[in-house]
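One letter stands for each residue in the lines below.
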Amino acid sequence: MAPRIQSRRVSSTLLPYLGPSLSTSIPSLPSLPSVFSTFSRSFSATAPSQSKLRREMFEWLDGPGSELKHHKPNRTNYVSQYRKMIGKEYRDLKQYPFPENPTFISQSILSLPLQNEIYKRVVEEKQTVREVSVTFGVDMRRIAAVVRLVELEKRQRSQGKPLALPYARAIHEMVPTTGIARNPDQQKMHESINDLPMHPLTGAQMFYPVPESRSFTRVDAGRVFSGAPAQEHKIAEKWSSPHHVAERVPKRPHLIELVGKGDNARQVLQPADARIPHPQLIALERDLAKYPDEPLLVEQRHQDRLRDQAEAEQKQREAAQARRERKITSVSPQESRFDYRIKEVAFTTQTTGRDGRAPWAPGRRYGVPSDDRKRGMRKVPTRVEA
Amino acid sequence: MRNRASNSLSRGKIRQSWSKYNLFNLHRYRVPFNHNRSFFQQKWTAKATARAYHGEQVRESQWKRMFSHRIRSVIPMNPLHLAADDGSRASAGRGSGLEGDAKQPQITPYTQMAFAPLERRLDVAIFRAMFASSARQARQFVIHGAVTVNGQKMRHPSYLLNPGDLFQVDPERVMFATGAPKNKYERRESRQLKQKDAAEETVNPEAEEKVGKVEKADAKESSRDNLQALVVQAKSILSRGKNQLPAKRKQELRGFQKAVRRVLSRSDRSTILTDSLEAQFSELTLLLKTKQAEPKDSKAEKPVPRPSEVEENEAVPGEVEEEPFASDKLSEAFQQAAQGEEVDSSGLTKHETFALKRALAQMHDNPLDSTKPYATPWQPREYMSAFAFIPRYLEVNQNICAAVYLRHPVARPGLAEVPPPLATRSAPRPTAGT
């Protein structure tokens, strides 16, 4: 009788070439204990020395562990699923790669069609990153990364460089993925896009007495955490609502008040409304509550807001670029292989220290060894320019 | 640095590795029973376990320099809630506790994030992106110069990635690290092929001239076998020595090789290797033939054949070889497709056309090739799926084996992004004796 083979679901990575070489690696079901299978000295009566743990391991790998040998297309295959669980804290075992750690789950990755769709929308349809981020529930930084990676992939394909296509197919079968829904209304959000980073200032526990009659908002709480004095009544009337702050601050960040003097000056902690990546969604929700019967008006206002925001961001980017360029003169002589970027340096107490030999001072100075000559200095680069 | 990360079963340490020993250790690991142990003993075990997994390749002084007690976390905000309330309601404190909000806020697992700074390391990030089968292997890739960061070669495994850095590993290395290894027969086969090639080269020094002659012949007229032989010759000549051939001849040879490939394969950018084409083709027809023959035999039992059954049938080699080629039309169509001609798919069923398309596509990107260091066609290595996860702080493109480090790992309510194999459920308690 021919050896019986365990039936498995077909993986698209293996389909055309399921030859005899693969079938040998599929474990046959009725297997002998590994002690006997590894028994090479047929004339000797003594069993080969194998530790108890090693024997247990091979027994487990041949028994319950054999489920883990090959991946199961389009579902995860972790150890947790084959371990008896005591207690009810494990909600859905197929998400947990580590059976003893319920705080880590295997989260989904973007499927290949979704990556290509994101690239298409941003590059070809010229949608803003913000829009695409809200449509698919993907973080804006991730969108930028996807565009960058798909662009690189296209370039490599056109150059005929080697790609790891079967590997990519296998990974996308093993790891949970977020795909595109046929109906755009049912699109599953990939991740939470409005994450508020926990500010270190808010870690402190504070007791701040407030009169009952006073309306103490998120703006005031931020001021208390950063140790800013209470606002004057006139200004407070204008600025105490977090929604107002959220509308103005992203457009004019230089208006944020500073606390402290000199090097210790810090910006006052802003309310969550101004610090989340998509503040325009709050304004949209407020409009929806305010004008429940006028969806067109709400949409119009939302679009206006998006446009203003994009313009303001663009203006800020340009200003920053101009500021950077103003500091640096670039010289590209003819017949030269190099471009020179020259930065103006002033020799003052601030730039070189009181004795003119401060470690941060520019250029080479007599008696001050360069960093790579000093003991204990790291020579590993700290950044690589893209 | 010496590799102390052995897969010892007696110590049972969990490592950043996909080996089956590690899998067994992970399977049998239990949180130690601490009630009769001193505080020092508890700390000792906890540190040993954590270090074995996270930073076995990192010296203690390095870790001390990197450690930060300020752990990053985020709170997902709901714009609906932010729009409804400006915070004054919560601060008024009236009626607290009266609302029947049964859902308790989840705890942010800060303790799980203690080793977050190590996730910035290049070698660890490569392992997390699933480009290497262990952190040690990732480290080796970096040291051997197979990794670029932002397009520049980076040889320091301890390079700390900055948000936005794009790192890329050589796809061949990744396929080797994640693919099933060759068995001893395949190894011997490739060794023999290599020896044969070397012997042919030494015997046949005039091959260069031969190719030059046949180059002029019309490619379409010559048979398929001839074409393949030509490509092999051209390849061997090209790979022989840089100084032996003038540059112009080399260009001609390359152009010739390209032209033949274009005939043999459907698309120009395919990486198909022609010497293995025949073998693939015969295997493909075998598979398709069983697919067609199967429903005829067992119609009464199973009206709808599942794909797994096809596999079972195919995996029994004796049965298959006895039968003659059943699906001539399909093999014809495949031949046409492989030679870059128009495919006549009129005689094929829908199922067959689909199989043909898929097989052709896969044949192009997953060819049989004995020169590769891994078993071909490529398959994922065993027990890989048990370790397969990609954390959210990385965005990975597997096709080009590149990934972007988006941001530093963060904790959020109920979830940590750093994957330690064990969780601290309760703080260690000192026993009465200490």
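The rules behind these values
- Along every chain, residues carry numbers that run from 1 in the direction the sequence is written.
- Each chain gets a letter, beginning with A, and each ligand a number, beginning with 1, in the order they are written.
- Two thresholds apply to this predicted model, a pLDDT of at least 70 for residue-level local features and 80 or more for giving and counting side-chain atom pairs, whereas whole-chain, interface and lining totals are computed over all residues.
- Strands here mean DSSP runs of E at least two residues long; helices mean DSSP runs of H or I at least four residues long; both are numbered from the N terminus.
- Partly exposed residues are those whose C-beta has more than 12 but fewer than 20 other C-beta atoms within 10 Å; with 20 or more the residue is buried, with 12 or fewer it is exposed, and the C-beta atoms are placed from the backbone.
- For every residue pair, C-beta atoms are placed from the backbone, and the pair is scored as a contact if these atoms sit within 7 Å.
- All residues other than Ala, Val, Leu, Ile, Met, Phe, Trp, Tyr, Cys, Pro, Asp, Glu, Lys and Arg, Gly among them, are scored as polar; the first ten of these are nonpolar and the last four charged.
- The pairing criterion for strands is at least two bridges between them, as found by DSSP.
- The span you would expect from a helix comes to 1.5 Å times its residue count less one.
- Throughout, the arc means the angular range of directions from the helix axis out to the C-beta atoms.
- Axes here mean lines fitted to C-alpha atoms, for a helix over just the part in contact, with angles spanning 0 to 180 degrees between N-to-C directions.
- A set of buried residues drawn from Ala, Val, Leu, Ile, Met, Phe, Trp, Tyr and Cys, joined through C-beta atoms within 7 Å, is what defines a nonpolar core.
- Our angle categories are set so that under 35 degrees counts as roughly parallel, over 145 as roughly antiparallel, 65 to 115 as roughly perpendicular, and the remainder as oblique.
- Helix crossings are classified by the rotation of the near helix relative to the far one: an anticlockwise turn of less than a right angle makes the crossing left-handed, while a clockwise turn makes it right-handed.
- UniProt positions are given in the numbering used here, feature names are shortened, and annotations may be inferred rather than shown by experiment.

### Re the overall build of chain B
Part 1 of the argument: From N to C terminus, chain B includes 17 helices and eight strands.
Part 2 of the argument: A total of 434 residues make up chain B; the buried ones form 37% of that total.
Part 3 of the argument: Relative to all contacts within chain B whose residues are 6 or more apart in sequence, the contacts with residues 24 or more apart total 68%.

### A closer look at the interface of chain B and chain A
Part 1 of the argument: Counting residues at the interface gives 95 residues for chain B and 93 residues for chain A.
Part 2 of the argument: When grouped by side-chain class, the residues that make up the side of chain B that touches chain A number 55 nonpolar, 24 polar and 16 charged.
Part 3 of the argument: With three bridges joining them, strand E3 (residues 195-197) of chain A and strand E1 (residues 74-76) of chain B adopt antiparallel strand pairing. The residue bridging leucine 196 of chain A from the neighbouring strand is isoleucine 75 of chain B, located in E1 of chain B.

### Section: helix H6 (residues 140-159) of chain A
Part 1 of the argument: Helix length check: H6 of chain A, at 20 residues, gives a terminal C-alpha distance of 29 Å against a target of 28 Å (1.5 Å per residue), a fit within 8%.
Part 2 of the argument: Taken together, the buried positions of H6 of chain A are Arg142, Ile143, Ala145, Val146, Leu149, Val150 and Glu153 of chain A. One face of H6 of chain A carries all of its buried residues, which in axial projection span an arc of 160 degrees. Away from the buried face of H6 of chain A by more than 90 degrees, exposed residues Glu151, Arg155, Ser158 and Gln159 of chain A are located.
Part 3 of the argument: Considering only its buried residues, H6 of chain A is in contact with strand E1 (109-110), helix H4 (112-124) and helix H5 (129-136) of chain A together with strand E5 (394-397) and strand E6 (402-405) of chain B.
Part 4 of the argument: Glycine 160 of chain A sits one or two residues past H6 of chain A and shows a positive phi near 75 degrees.

### Things to note about the sheet that holds strand E4 (residues 165-169) of chain B
Part 1 of the argument: Sheet architecture is open: five strands sit in the order E3-E2-E4-E6-E5 (chain B), paired in antiparallel fashion. The open sheet has two free edges, formed respectively by strand E3 (152-153) and E5 of chain B, since each of these has just one partner strand.
Part 2 of the argument: Both E4 of chain B and E6 of chain B contribute to a ladder of four bridges, which runs antiparallel. Counted as the bridge partner of phenylalanine 167 of chain B is alanine 403 of chain B from E6 of chain B.
Part 3 of the argument: Against the sheet, H6 of chain A makes contact with E4, E5 and E6 of chain B, and its axis sits at roughly 20 degrees relative to E5 of chain B, the strand it touches most.

### Observations concerning the nonpolar core
Part 1 of the argument: Judged by nonpolar contacts, the single largest core of 92 residues is most densely connected at Ile126, Phe131 and Phe167 of chain B.
Part 2 of the argument: Among the elements that take part in this core, helix H7 (residues 165-174) of chain A stands out by supplying six residues, more than any other.
Part 3 of the argument: Once residues lying within four places of it in the same chain are set aside, the contact partners of phenylalanine 131 of chain B are Ile126, Ala138, Val169, Val174, Ala177 and Cys401 of chain B.
Part 4 of the argument: Among the nonpolar cores identified, the runner-up in size contains 13 residues, and Ala246, Leu281 and Leu284 of chain A together with Leu82 of chain B belong to it.

### Some words on the packing of helix H12 (residues 280-290) of chain A against helix H13 (residues 295-327) of chain A
When two helices pack together, their arrangement is given by the angle between their axes and by how far apart the axes lie.
Residues and elements named next belong to chain A.
Part 1 of the argument: Packing of H12 against H13 brings their axes to within 10 Å, and their N-to-C directions diverge by 160 degrees. Here H12 is positioned roughly antiparallel relative to H13, judged by the angle of their axes. The element H12 and its partner H13 pack so that their crossing is right-handed. Counted together, Gln280, Ala283, Leu284, Asp287 and Leu288 of H12 and Val298, Arg301, His302, Arg305, Leu306 and Gln309 of H13 form the full contact between these two elements.
Part 2 of the argument: Split by residue class, the contact of H12 with H13 holds five nonpolar, three polar and three charged.

### Overview of the pairing of E4 of chain B
Residue and element names in this part refer to chain B.
Part 1 of the argument: With five of its five residues buried, E4 lies for the most part within the structure.
Part 2 of the argument: Covered by surrounding structure in E4 are Asp165, Phe167 and Val169 together with Leu166 and Gln168, the residues of both alternating faces.
Part 3 of the argument: Bridge count between strand E2 (residues 147-149) and E4: three bridges; the pairing is antiparallel. Within E4, the residue paired with valine 147 across the bridge is valine 169.

### So, the UniProt feature "domain: RNA-binding S4" (unreviewed entry) in chain B
Part 1 of the argument: Here, the residues flagged by UniProt with the feature "domain: RNA-binding S4" (unreviewed entry) are residues 120-194 of chain B.
Part 2 of the argument: The annotated region residues 120-194 of chain B carries 47% helix and 13% strand content, and the separation between its end C-alpha atoms amounts to 42 Å.

### Observations concerning the environment of glycine 179 of chain A
All names here are of chain A.
Part 1 of the argument: The residue glycine 179 is located in the loop between strand E2 (177-178) and E3 in this model.
Part 2 of the argument: For glycine 179, a count of 15 C-beta atoms within 10 Å gives the class partly exposed.
Part 3 of the argument: For the pair glycine 179 and proline 113, spaced 66 residues apart in the sequence, the C-alpha separation amounts to 6.9 Å.
Part 4 of the argument: Ignoring anything within four residues of it in the chain, the contact list for glycine 179 reads Ser111, Pro113 and Leu114.

### Structural notes on the environment of isoleucine 126 of chain B
Residue and element names in this part refer to chain B.
Part 1 of the argument: Among the secondary structure elements, isoleucine 126 is positioned in helix H6 (residues 122-128).
Part 2 of the argument: Using a count of 28 C-beta atoms within 10 Å as the deciding quantity, one classes isoleucine 126 as buried.
Part 3 of the argument: Between the C-alpha atoms of isoleucine 126 and methionine 154, which are 28 residues apart in sequence, the distance is 13 Å.
Part 4 of the argument: The contact partners of isoleucine 126, leaving out residues within four places of it in the chain, are Phe131, Ala132, Ala138, Phe141, Val147, Phe167 and Val169.

### Quick notes on the packing of H4 of chain A against H5 of chain A
Residues and elements named next belong to chain A.
Part 1 of the argument: Interaxial distance between H4 and H5 falls to 10 Å at its minimum, and their mutual angle equals 150 degrees. It follows that H4 is roughly antiparallel to H5 by the angle criterion. H4 and H5 meet at a crossing whose hand is right-handed. Contacts between H4 and H5 involve Leu114, Ile118, Arg121 and Val122 on the former and, on the latter, Val129, Val132 and Phe136.
Part 2 of the argument: Taken together, the residues of the contact of H4 with H5 sort by class into six nonpolar, no polar and one charged.

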